[in-house]
Amino acid sequence: MLRDKKLVLLSHCLLNVNAKVYGLANYKGAHEELIKFLIEENFGIIQLPCPELGCEGIRRWGKVKEQLDIPFYRKYCNEIFTPLLEQIIDYHKNGYRLAALIGVNGSPSCGVSKTCSAASWGGEINDRRTTEEMMQQVNTIESPGIFIEQIRKLLEANKIYIPMLAIEEADPAASIADIKKVLRGEG
Ligand code: SF4
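Asks: Break down the overall build of the protein for me, citing the residues and quoting the values.
Replies: For the protein, the helix and strand inventory stands at seven helices and six strands. When the elements of the protein are put in sequence order from the N terminus, they spell out β-α-β-α-α-α-β-β-α-β-α-β-α. Taken over C-alpha atoms, the radius of gyration comes to 17 Å for the protein, in line with the 16 Å a tight globule of 187 residues would show. With respect to the three principal axes, the spread of C-alpha positions in the protein is 65 × 35 × 25 Å. Within the protein, buried positions represent 43% of all 187 residues. Taking contacts inside the protein between residues at least 6 apart in sequence as the whole, the part at least 24 apart equals 74%. In the protein, 23 positive and 24 negative side-chain charges are present, and the distance between their average locations comes to 4 Å.

Structure, rendered in structure tokens:
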């Protein structure tokens, strides 16, 4: 039977950059280097939904984790992941290898080990703060985004543990090298 029984879960925008907040893209469609590698290595690819696109659409403003850390958004993340969770449970039970989830570090939703944070963000955008002042309040913190937190909880509740990796938006080349090592079983 011609199948390798190995799968990766990818954040939506790694296959479709159009979902990202406008202005953030650094590739034109799909993340070519990563996707080519996954195809060459015979991984099946499961595309996660984009929770921010689903909630707020393509004209949304960029946000920080604190703005998304509300019960409704966590519940929404659970709802959109549940159909995939049911498939993952079935793959897992039938001996398929769920090799990794690959997220996007820096995202307030899909960051795996890093997300963006600003305790003071919120309110009217013309409240006398300049854009520069607002950007100075943003930090990268070592914490997952909200969607990844919810995915991890749902997987763990089903005793499924998938290695979680991420593309670093600030340094994609280095992070892809690390991802390749892990998926080839070298790291
Ligand atoms: S929410 Fe996740 S999938 Fe959507 S654009 Fe941001 S990083 Fe990509």
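Additional details are given in the paragraphs that follow.
Asks: Got a sec to walk through the nonpolar core? Specific residues and values, please.
Replies: Of all hydrophobic cores here, the largest spans 27 residues; its most connected members are F81, I151 and L155. At the level of secondary structure, the elements contributing two or more residues to this core comprise β1 (6-10), α4 (71-93), β3 (97-105), α6 (146-157) and β6 (164-168). Sorting elements by how many residues they give to this core places α4 first, with eight residues. Contact partners of F81, with chain neighbours within four places excluded, come to L48, I88, F147, I151, L154 and L155. L10, C13, F43 and I176 belong to the second-largest nonpolar core, a separate cluster that totals 20 residues.

Asks: Give me the environment of E33: which residues, what numbers.
Replies: Note on placement: E33 falls in helix α1 (residues 32-40). In sequence terms E33 and L10 are 23 residues apart; their C-alpha atoms lie 14 Å from each other. Excluding residues within four positions of it along the chain, E33 makes contact with I176 and K180.

Asks: Before we move on, could you go through the side chain of S143 and cite the residues and values that matter?
Replies: Mapped onto the fold, S143 is located in the loop between β5 (139-141) and α6. Not counting the four nearest positions on each side in its chain, S143 is found in contact with K65, V112, S113, K114, T115 and E149.

Asks: I'd like a description of the pairing of β1, backed by residues and values.
Replies: Within β1, five of the five residues are buried, which leaves it mostly tucked inside the rest of the structure. Of the two faces of β1, the one lined by K6, V8 and L10 and the one lined by L7 and L9 are each fully buried. Direction of pairing for β1 relative to β3: parallel, over a ladder of five bridges. The residue of β3 that forms the bridge with L7 is L98. Pairing geometry for β1 and strand β2 (residues 44-47), over four bridges, is parallel. For L10, the partnering residue across the bridge sits in β2 and is Q47. Chirality of the crossover, the property in question, places the unit of β1, α1 and β2 among those that are right-handed.

Asks: Which residues make up the environment of E149, and what values go with them?
Replies: With respect to the helices and strands, E149 occurs in helix α6. C-alpha separation for the pair E149 and V112, spaced 37 residues apart in sequence, amounts to 8.4 Å. Among all residues touching E149, those that are not within four sequence positions of it are K65, R74, S143 and P144. Here K65 takes part through its side chain, which lies 2.7 Å from a polar atom of the side chain of E149.

Asks: Before we move on, can you summarise the environment of V17 with the specific residues and values?
Replies: Looking at the secondary structure, you find V17 in the loop between β1 and α1. Distance in space between the C-alpha atoms of V17 and L48 is 13 Å, their sequence separation being 31 residues. The contact partners of V17, leaving out residues within four places of it in the chain, are A25, Y27, K28 and G29.

Analysis parameters
Residues numbered from 1 in each chain as written. Predicted model: local features only at pLDDT ≥ 70, side-chain atom pairs only at ≥ 80, totals over all residues. Heavy atoms only, no water. Helix = DSSP H or I, 4+ residues; strand = E, 2+ residues; numbered from the N terminus. Rg over C-alpha atoms; globule rule 2.2 N^0.38 Å. Buried < 20%, exposed > 50% of the residue type's maximum accessible area, 1.4 Å probe, protein only. Contact = heavy atoms within 4.5 Å. Lys, Arg positive; Asp, Glu negative; His and termini not counted. Charge placed at Lys NZ, Arg CZ, Asp CG, Glu CD. Core = buried A, V, L, I, M, F, W, Y, C linked by side-chain atoms within 4.5 Å. Pairing = 2+ DSSP bridges. Right-handed = clockwise from strand over helix to strand, strands pointing away. Polar contact = N/O pair within 3.5 Å; in protein donor to acceptor, adjacent residues only side chain to side chain.

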